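# Fold and geometry: a report
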Amino acid sequence: PTVAYIAAVQQIKRMNMKKLIIGVLLASTAMTVDSVEYRKHVDSMTDKDKSYVYIPEALCSRRCGSIVVRAGGDVYINTSRYIGDYKYPMDVRFDKGEVKKLNYITSTKGTSLFLRKSDIAEFIKNIKKSNQVLIKTYNYKGTPETKTYKLSGANLEINKISGF
């Protein structure tokens, strides 16, 4: 092969790589869900309302967390990483308000944090009237991780859930 041929092949490879990178970036951005969603579901065996509101972590494309508000009154935070058994309370801050420490019950997999019944009413009230919430969790080693959740539309969606 000539030098011109080799240069042309290398140029094509670079162009294809750029297209591939752009495609991957667009695809990962398209997979990101940044809006609050109401998902209706009725258990066909019991006819119980199993609907929920899903609040995704803002501007996240990998290992994203979420807040889930379920019919019947449960609220949990999916951290997308292993927290382990309860050791540290989570820090919660709505808009520019004060930071509050909340206790929780860890899921059996150790990745979701269920709010205690005594904290749910105030948590939901704050979700409904706020624009965003920051939640800092700590894993079993005490390493912190803060996630941001945009709450635009959460009020309308949560009002569709029975129990709220």
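Residues numbered from 1 in each chain as written. Predicted model: local features only at pLDDT ≥ 70, side-chain atom pairs only at ≥ 80, totals over all residues. Heavy atoms only, no water.

## Some points on the packing of aromatic side chains
- The tally for this structure, following the rule as stated, stands at four aromatic pairs.
- Summarising the aromatic geometry, the rings of Tyr-76 and Phe-114 are spaced 4.9 Å apart at their centres and angled 35° between planes, so their arrangement reads as tilted. One end of the pair, Tyr-76, is in strand β4 (residues 74-78); the other, Phe-114, is in strand β8 (residues 112-115), and 38 residues separate them in sequence.
- Tyr-76 sits in the buried class, given a relative accessible area of 18%.
- Looking at Phe-114, the relative accessible area reads 24%, which means it is partly exposed.
- A cation over a ring is seen here: Arg-39 above Tyr-54, with NZ or CZ 4.7 Å from the ring centre. (Phe/Tyr/Trp six-rings, centres within 6.5 Å; stacked < 30°, edge-to-face > 60°. Helix = DSSP H or I, 4+ residues; strand = E, 2+ residues; numbered from the N terminus. Buried < 20%, exposed > 50% of the residue type's maximum accessible area, 1.4 Å probe, protein only. Lys NZ or Arg CZ within 6 Å of the ring centre and 35° of its normal.)

## A short note on the environment of Asp-95
- Tracing the chain through its elements places Asp-95 in the loop between β5 (90-94) and β6 (100-102).
- Through-space distance from the C-alpha of Asp-95 to that of Asn-131 is 6.2 Å; in sequence the pair is 36 residues apart.
- When near neighbours in sequence (up to four residues on either side) are disregarded, Asp-95 contacts Lys-129, Ser-130, Asn-131 and Gln-132.
- A distance of 2.9 Å separates a polar atom in the side chain of Asp-95 from the backbone nitrogen of Asn-131. (Contact = heavy atoms within 4.5 Å. Polar contact = N/O pair within 3.5 Å; in protein donor to acceptor, adjacent residues only side chain to side chain.)

## What to know about helix α2 (residues 117-129)
- Within α2, the full set of buried residues consists of Asp-119, Ile-120, Phe-123, Ile-124, Asn-126 and Ile-127. Buried residues in α2, looked at end-on, bunch into an arc of 165°, giving them a common side. Of the residues in α2, the exposed ones pointing more than 90 degrees away from the buried face are Ser-118, Ala-121 and Lys-129. (Arc of directions from axis to C-beta.)

## A short note on unusual backbone geometry
- With a phi close to 60°, Asp-47 is a non-glycine residue in the positive phi region.
- On the secondary structure map, Asp-47 appears in the loop between β1 (37-39) and β2 (52-56).
- In the Ramachandran plot, Asp-95 falls in the positive-phi region, its phi being about 45° despite a non-glycine side chain.

## Focus on the state of the cysteines
- Summed over all chains, the structure comprises one disulfide.
- Cys-60 shares a disulfide with Cys-64; S-S distance 2.2 Å. Its torsion about the S-S bond being -100°, the disulfide of Cys-60 and Cys-64 is classed as left-handed.
- Since its relative accessible area comes to 28%, Cys-64 is described here as partly exposed. (Disulfide = S-S within 2.5 Å.)

## Describing the side chain of Arg-81
- Secondary-structure assignment places Arg-81 in the loop between β4 and β5.
- Residues contacting Arg-81, with those up to four places away along its chain left out, are Arg-63, Gly-110, Thr-111, Thr-137, Tyr-138, Asn-139, Thr-143, Pro-144 and Glu-145.

## Looking at the pairing of β5
- The element β5 is extensively covered by neighbouring structure, given that four of its five residues are classed as buried.
- Bridge count for β5 against β6 is three bridges, and the pairing is antiparallel. Within β6, the residue paired with Asp-91 across the bridge is Lys-101.
- Adjacent in sequence and paired antiparallel, β5 and β6 are bridged by five residues, among which Asp-95 carries a positive phi angle near 45°.
- Across four bridges, the pairing between β5 and strand β9 (residues 132-138) is antiparallel. In the strand pairing of β9, Arg-93 is matched with Leu-134. (Pairing = 2+ DSSP bridges.)

## Some remarks on the sheet that holds strand β10 (residues 144-150)
- Read across the open sheet, the four strands follow the order β6-β5-β9-β10; overall the sheet is antiparallel. A strand with exactly one partner marks an edge of an open sheet, and here the two such strands are β6 and β10. Looking at each pair of strands side by side, their axes are set apart by 25° on average, direction ignored.
- α2 rests against β5, β6 and β9 of the sheet, and its axis sits at about 35° to β5. (Axes fitted to C-alpha atoms, helices over the stretch in contact; angles between N-to-C directions.)

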